[in-house]
Amino acid sequence: MGIRNVLRIGHPALRTCSAEVPEDWFGSRRLQQLIDDLFDTKLACSGAGLAAPQIDEPWRVFVVGMGHNPRYPNENPLPERVLINPVIEYIGDELISGWEGCLSVPGMRGEVERWEHIHLKWQDRDGEFQTEELQGFHARVIQHESDHLDGVLFPDCLTSPLAFGFTDELKANGIID
Ligand code: NI
C-alpha cells in the first residue's frame, strides 16, 4: 500500500486505545506490510516518528528515526526502528520541557514536559524482546509516539495553554528556533 493518509486531530481513531500486537502476527505478511507503510509514510512526511493509529491501524506499533530532518534541524539523528508493544518506565524524576510537533497536528507546535530518562522495552519485527535506556530528544520522541497508542495527542499535555501555536508564527516571533 505504501504511503498512507495521516489522520489529523479531530478524527476519532486518534483517540482510541490501541490493542497489543498478538504473538501470531510476528513474521506475518500483515505485520510486515503495516511496518513498511509506517516507514514509507513517515519518510514521505519528514516525520521523526509515526504511530499506527495515525494511519488508522489500531495496534501498538510505531516507527521512529530520522537523518537530517527539516522539521527538527537542531536535533541529532535517530536510528530507524520499529517498536511493537512498547512499555516505558521512567528513570529518576527529571522532567524536561521541549517544543513538539505531530504529523496529526500539522503546522503547529506546543511545549510539553517529558521524562528525561526512560527505560524502554519492546518487541522488534521478529517478536524478540529488546530493552534500552534512552534520554533527551530520543526519549521525548518515544514518549510522544507511545502516547498515540493510548489516544493521547501532544496538545493534551501542554505546559500551558499559551505554549502552543502555528510553527511559522512561533518562529517569526523568536519563540522557537
Ligand atoms: Ni505525533
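Now for a quick tour of the structure. Within each chain, residue numbers correspond to sequence positions counted from 1 in written order. Predicted model: local features are reported for residues with pLDDT of at least 70 only, side-chain atom pairs are reported and counted for 80 or more only, and whole-chain, interface and lining totals are derived from all residues. Water and hydrogen atoms were dropped before computing side-chain values, which therefore reflect all heavy atoms in the structure.

Section: the packing of aromatic side chains
Here is step 1 of the chain: Two rings from Phe, Tyr or Trp (for Trp, the six-membered ring) form a pair when their centres sit within 6.5 Å of each other. Planes less than 30 degrees apart are called stacked, planes more than 60 degrees apart edge-to-face, and all others tilted. If you walk through the whole model with that rule in mind, you get three aromatic pairs.
Here is step 2 of the chain: Ring centres of Trp25 and Trp59 lie 4.5 Å apart, and the angle between their planes is 50°; this geometry places the pair in the tilted category. Linking Trp25 in the segment before α1 (29–44) with Trp59 in the loop between β1 (49–51) and β2 (61–66), this pair joins segments that are 34 residues apart in sequence.
Here is step 3 of the chain: A ring pair is formed by Phe154 and Phe164, whose centres lie 6.1 Å apart and whose planes are at 65°; its orientation type is edge-to-face. In DSSP terms, a helix is any run of H or I states spanning at least four residues, a strand is any run of E spanning at least two, and both are numbered starting from the N terminus.

Focus: the side chain of Arg81
Here is step 1 of the chain: Residue position: Arg81 is located in strand β3 (residues 78–100).
Here is step 2 of the chain: Side-chain polar atoms of Arg81 contact the side chain of Glu132, separated by 3.1 Å. N or O atoms within 3.5 Å of each other form a polar contact, as long as, within protein, one can give a hydrogen and the other can take it, and as long as residues adjacent in sequence are counted only when both atoms are side-chain atoms.

So, the coordination of the nickel ion
Here is step 1 of the chain: Distances from the nickel ion to its protein donors, namely Cys102 (SG), His144 (NE2) and His148 (NE2), fall within the range 2.1 to 2.3 Å.
Here is step 2 of the chain: Any N, O or S atom lying within 2.8 Å of the metal counts as a donor, and for Na, K and Ca the limit rises to 3.2 Å; water is left out, so some sites can look incomplete. Within one chain, the residues donating to the nickel ion are spaced in sequence as C-x41-H-x3-H. In this pair, Cys102 is assigned in the loop between β3 and β4 (108–123) and His144 in helix α2 (residues 136–149), connecting sequence segments 42 residues apart.
Here is step 3 of the chain: The rule is simple: take the accessible area with a 1.4 Å probe, protein chains only, and divide by the maximum for that residue type; under 20% is buried, over 50% is exposed, in between is partly exposed. Judged by relative accessible area, which is 6%, His144 ranks as buried.

Focus on unusual backbone geometry
Here is step 1 of the chain: A positive phi angle, near 65°, is found at Asp56, a position not held by glycine.
Here is step 2 of the chain: Here Asp56 lies in the loop between β1 and β2.
Here is step 3 of the chain: Of note, Asn85 is a non-glycine position whose phi angle comes to about 50°, a positive value.
Here is step 4 of the chain: With respect to the helices and strands, the residue Asn85 is situated in strand β3.
Here is step 5 of the chain: The exposure class assigned to Asn85 is buried, which follows from its relative accessible area of 7%.

Topic: the pattern of salt bridges
Here is step 1 of the chain: Each reported salt bridge corresponds to a side-chain nitrogen of Lys or Arg within 4 Å of a carboxyl oxygen of Asp or Glu. Under the definition given, this model contains nine salt bridges.
Here is step 2 of the chain: One salt bridge in this structure joins Glu57 and Arg4, with 2.9 Å as the shortest N-O distance. Taken together, the residues Glu57 in the loop between β1 and β2 and Arg4 in the segment before α1 connect sequence positions 53 residues apart.
Here is step 3 of the chain: Arg4 gets classed as buried once you look at its relative accessible area, which sits at 16%.
Here is step 4 of the chain: Connected via shared salt-bridge partners are Glu100, Arg114, Arg140 and Asp147.

Notes on the pairing of β3
Here is step 1 of the chain: Paired strands, in this sense, are two strands between which DSSP finds at least two bridges. In this structure, β2 lies alongside β3, joined through five bridges in antiparallel fashion. Residue pairing in the sheet places Val64 in a bridge with Arg81 of β3.
Here is step 2 of the chain: With 12 bridges joining them, β3 and β4 adopt antiparallel strand pairing. Residue pairing in the sheet places Tyr90 in a bridge with Ile118 of β4.

Section: the side chain of Gln123
Here is step 1 of the chain: Tracing the sequence through the fold places Gln123 in strand β4.
Here is step 2 of the chain: Of note is the side chain of Gln123, whose polar atom sits 3.1 Å from the side chain of Glu23.
Here is step 3 of the chain: Ignoring any residue separated from it by four or fewer positions in sequence, one finds Gln123 in contact with Glu23, Phe26, Val82, Leu83, Ile84, Asn85, Glu128 and Phe129. The contact criterion used throughout is that any non-hydrogen atoms of two residues lie within 4.5 Å.

As for the pairing of strand β5 (residues 129–135)
Here is step 1 of the chain: Relative to β5, β4 is paired through seven bridges, and the arrangement is antiparallel. By the bridge assignment for β5, Gln123 is matched with Phe129.
Here is step 2 of the chain: Two successive antiparallel strands, β4 and β5, enclose a turn made up of five residues, where Gly127 displays a positive phi of approximately 90°.

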